[in-house]
Amino acid sequence: MASHLTEEEQIEALKRWWKENGMFTVGAVVVAVAGYFGWESWKTHEVAQKEGASNLFQSMIEAGSESQNGQIADEDADRMRSLGSQLKDEYSGSFYSTSAALLMAKLAAEDGNLEEAKLQLEWAKTDNANEKLNFVIDQRLARVLYAMGEYDKALALVKTSPEESAKSSYAEIRGDIFAAQNKSDEAAKAYQIALDNLPESDFNRRRFIDMKLSEQRSISPELAEAE
C-alpha cells in the first residue's frame, strides 16, 4: 500500500470506503437513527414527519436499489438527485432532507465529483436537527476532504470522537491523513488506537488496519528502532 497516493487513487479509495460504509438502504437508515433517538422516540419522530417527505425519500431509495452490479444507471442517479433536491427544498430540517443530502453526497463521491460531495455533506451538517448524527457526517466529510488533499480541515473534523463507538473509525481516518502527509509516527499511533478500539469480531477491518499499521512501522526509523 503506497503512502503517496495520487488524486485518482484517493478518489478510488474514497469510493471503496463509501461503498463499504455508506448509509444507503432504508433499513440501515432506520437502524442508525433508531439507535440515536431510541426506538420509541424514533417512532414518534417518524410519525411526526410529513407523509410527503417519507414518500419522496422512499422513491429516492427505490431508484437507487435498481442498480446492476452495484452501479446505478445514469437515469436512476438523475432521478435520485431530482428527488433529493426536492426533499431539501421542501422539507429542510427533517431527517429525510438530511438523509437525502447524504445520499446525494455518496452519488457525487462515486462520480469523482468531490466538490459536490463536500457541498452536500456541509449542507447535511447545517440542516441536521440531531447533533448526535453529526459524527456520521463528519467522518464522511473528513474522507472527502482527505481525498481532496485538504488534510488540515479533514483532521479538524476527526480530532476527537464524540462517541465511544466511533473512536476506531475516527482514529483510522486520522491515520490515513497522517500517512498521506508522510507522518509515519503519527499515522502508526492513530492506527494503533483504531485497532485498540475495534471490536474483536470485526476481523476484516482489523486485518486491513493492521496492514496499514505495519506499513507505517516499516517506513518509520523511530518505530523500527523501538521494535
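Residues numbered from 1 in each chain as written. Predicted model: local features only at pLDDT ≥ 70, side-chain atom pairs only at ≥ 80, totals over all residues. Heavy atoms only, no water.

Asker: Tell me about the overall build of the protein, and name the residues and values.
Answerer: Of the regular secondary structure elements, the protein holds 13 helices and zero strands. Along the protein, helices (α) and strands (β) appear in the sequence α-α-α-α-α-α-α-α-α-α-α-α-α when read from the amino end. Looking at the protein as a whole, 47% of its 227 residues are labelled buried. Residue pairs at least 24 apart in sequence account for 62% of intrachain contacts in the protein once pairs closer than 6 positions are excluded. Only carbon and sulfur atoms are counted for the fraction: they give 48% of the accessible area of the protein, which is about 11,900 Å². (Helix = DSSP H or I, 4+ residues; strand = E, 2+ residues; numbered from the N terminus. Buried < 20%, exposed > 50% of the residue type's maximum accessible area, 1.4 Å probe, protein only. Contact = heavy atoms within 4.5 Å. Areas by Shrake-Rupley, 256 points an atom, 1.4 Å probe, with all protein chains shown as cover.)

Asker: Go over the nonpolar core with me, naming the residues and quoting the values.
Answerer: The nonpolar side chains of a soluble globular protein tend to be buried with one another. Core analysis: the largest hydrophobic core is formed by 40 residues, its most contacted members being Leu-121, Ala-142, Tyr-146, Ala-154, Ile-177, Tyr-191 and Ile-209. The dominant element in this core, judged by the number of residues it contributes, is helix α8 (residues 134-147), at nine residues. In contact with Ile-177, not counting residues within four places along its chain, are Tyr-146, Tyr-151, Ala-154 and Leu-155. Counting 18 residues, the second largest nonpolar core, distinct from the first, contains Leu-56, Phe-57, Ala-63 and Tyr-91. (Core = buried A, V, L, I, M, F, W, Y, C linked by side-chain atoms within 4.5 Å.)

Asker: Please give an account of the packing of aromatic side chains that cites residues and values.
Answerer: If you walk through the whole model with that rule in mind, you get four aromatic pairs. Cation over ring: Lys-88 sits above Trp-123, and NZ or CZ is 4.6 Å from the ring centre. (Phe/Tyr/Trp six-rings, centres within 6.5 Å; stacked < 30°, edge-to-face > 60°. Lys NZ or Arg CZ within 6 Å of the ring centre and 35° of its normal.)

Asker: Can you explain helix α11 (residues 184-196)? Please cite residues and give values.
Answerer: Residues spaced three or four apart along an α-helix face the same direction, because each turn holds 3.6 residues. Its 13 residues give α11 an end-to-end C-alpha distance of 18 Å, which sits within 8% of 18 Å, the value for a rise of 1.5 Å per residue. Of all the positions in α11, only Ser-184, Asp-185, Ala-187, Ala-188, Ala-190, Tyr-191, Ala-194 and Leu-195 are classed as buried. (Expected span 1.5 Å × (residues − 1).)

Asker: Explain the pattern of salt bridges to me, and be specific about the residues and the numbers.
Answerer: Taken as a whole and assessed by the stated rule, the structure comprises eleven salt bridges. Salt-bridge contacts for Lys-106 lead to Glu-110; the nearest nitrogen and oxygen are separated by 2.6 Å. Placement of the pair is Lys-106 and Glu-110 together in helix α6 (residues 95-110), with a separation of four residues, close to one helical turn. The exposure class of Lys-106 is buried, given its relative accessible area of 8%. The class for Glu-110 is partly exposed, based on a relative accessible area of 22%. Here Arg-205 ties to Glu-172 by a salt bridge, and the two come within 3.0 Å at their closest N and O atoms. Of this pair, Arg-205 sits in helix α12 (residues 203-218) while Glu-172 sits in helix α10 (residues 167-180); the two residues are 33 residues apart in sequence, bridging distant segments of the chain. Note on Glu-172: relative accessible area 7%, which makes it buried. (Salt bridge = Lys/Arg side-chain N within 4 Å of Asp/Glu carboxyl O.)

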